[in-house]
Amino acid sequence: MRVCSFFQITKTTKKGFYESTKICCIIMSSVGIIFFLFPNQIASFFTDDPAVYGLIITCLIISALEQPVMALTFCQAGLLRGAGDTKNPIIVAIAGMWMVRVPLTAILLIVFKTGLYGAWIATVLDWSIRALVLRVLYQKGKWQHI
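Residues numbered from 1 in each chain as written. Predicted model: local features only at pLDDT ≥ 70, side-chain atom pairs only at ≥ 80, totals over all residues. Heavy atoms only, no water.

So, on to the overall build of the chain. In terms of helices and strands, the chain carries five helices and zero strands. In sequence order, the chain lays out its α and β elements as α-α-α-α-α. Since a compact globule built from 146 residues should have a radius of gyration of about 15 Å, the 19 Å found for the chain marks it as more spread out than a globular shape. For the chain, the spread of C-alpha atoms along the three principal axes comes to 65 × 35 × 20 Å. Burial analysis of the chain (146 residues in total) assigns 35% to the buried set. Within the chain, contacts between residues at least 6 apart in sequence are counted, and of these 73% link residues at least 24 apart. (Helix = DSSP H or I, 4+ residues; strand = E, 2+ residues; numbered from the N terminus. Rg over C-alpha atoms; globule rule 2.2 N^0.38 Å. Buried < 20%, exposed > 50% of the residue type's maximum accessible area, 1.4 Å probe, protein only. Contact = heavy atoms within 4.5 Å.)

Take a look at the structure:
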C-alpha cells in the first residue's frame, strides 16, 4: 500500500476544492441569474393567483442573491467534512439556523413587519454568514491535521 505524503494530499485537496467550488458557483450563479431574469415565467408554473404570483416573483429575486453563497457554503462544508472535520460544519449549520436565521427572521417579521420577504432575507444572510465562518475555518487549516 502506497502512502501519500501530507503535502501531496493537502495540495490535491486544495486544488480539488477550488475547482469544485468554481464549478458549483458557476452552476448555482447561473440558476440565480435565471431566477433574477425570468421570475414571471417561473412563477407562472406554480399559480395563477395574482397575490401568490407576486410573492413568488419577489422570493425568486431574493433567492437569486443567495445562490452563490449557498454554493460556497456547500463546497466549504463538504471540504471540511471530506477532510475528516465533521464537527465544525455541523456546528456552523446548527448555529446558523438557531443563532442567525431564526432570531433574524423573528426580528424582521415581528419588529420590522417585513412579512415573507423578511424570512427570505434572513435566509440569505444566514447562508452568507455560514460561508464566511466556514471560510475562516478553512483558512485556519486545522482540517489539514485531522
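Moving on, we come to the side chain of Thr105. Looking at where Thr105 falls in the secondary structure, it is placed in helix α4 (residues 87-111). When neighbours within four sequence positions are excluded, Thr105 is seen to be in contact with Val100, Ala119 and Ala122.

By the secondary structure assignment, Arg101 is in helix α4. The class for Arg101 is buried, based on a relative accessible area of 17%. Sequence separation of Arg101 and Arg135 is 34 residues, and the distance between their C-alpha atoms is 19 Å. When sequence neighbours within four positions are dropped, the list of residues in contact with Arg101 reads Gly96, Ala122, Thr123, Asp126, Trp127 and Arg130. Engagement of the side chain of Arg101 in a polar contact is seen with the side chain of Asp126, the distance being 2.8 Å. (Polar contact = N/O pair within 3.5 Å; in protein donor to acceptor, adjacent residues only side chain to side chain.)

Look at helix α3 (residues 50-82): 45 Å from first C-alpha to last across 33 residues, which is about the 48 Å you get at 1.5 Å a residue. At Glu66, α3 shows its maximal bend, which comes to roughly 35°, and the proline Pro68 appears one to four places after that position. At the C-terminal side of α3, Gly84 shows a positive phi close to 105°. (Expected span 1.5 Å × (residues − 1). Bend = angle between axes of the 7 residues up to and from the residue.)

Over its 25 residues, α4 runs 34 Å from end to end, which matches the ideal 36 Å to within 8%, given 1.5 Å per residue. Within the span of α4, buried status applies to Pro89, Val92, Gly96, Val100, Arg101, Thr105 and Leu108. One or two positions beyond α4, positive phi appears at Lys113, with a value near 55°.

Taken as a whole and judged by the stated rule, the model has five aromatic pairs. Ring geometry for Phe74 and Trp127: centres 5.4 Å apart, planes at 85°, overall edge-to-face. Separated by 53 residues along the polypeptide, Phe74 in helix α3 and Trp127 in helix α5 (residues 116-140) bring together distant segments of the chain. By relative accessible area, Phe74 is classed as partly exposed at 40%. Given the relative accessible area of 13%, Trp127 is considered buried. A network of ring pairs unites the aromatic residues Phe17, Tyr18, Tyr138 and Trp143 as a single cluster. Residue placement shows Arg130 over the ring face of Trp127; its charged tip is 4.8 Å from the ring centre. (Phe/Tyr/Trp six-rings, centres within 6.5 Å; stacked < 30°, edge-to-face > 60°. Lys NZ or Arg CZ within 6 Å of the ring centre and 35° of its normal.)

Note that all results are geometric; they support no functional claim without further evidence.
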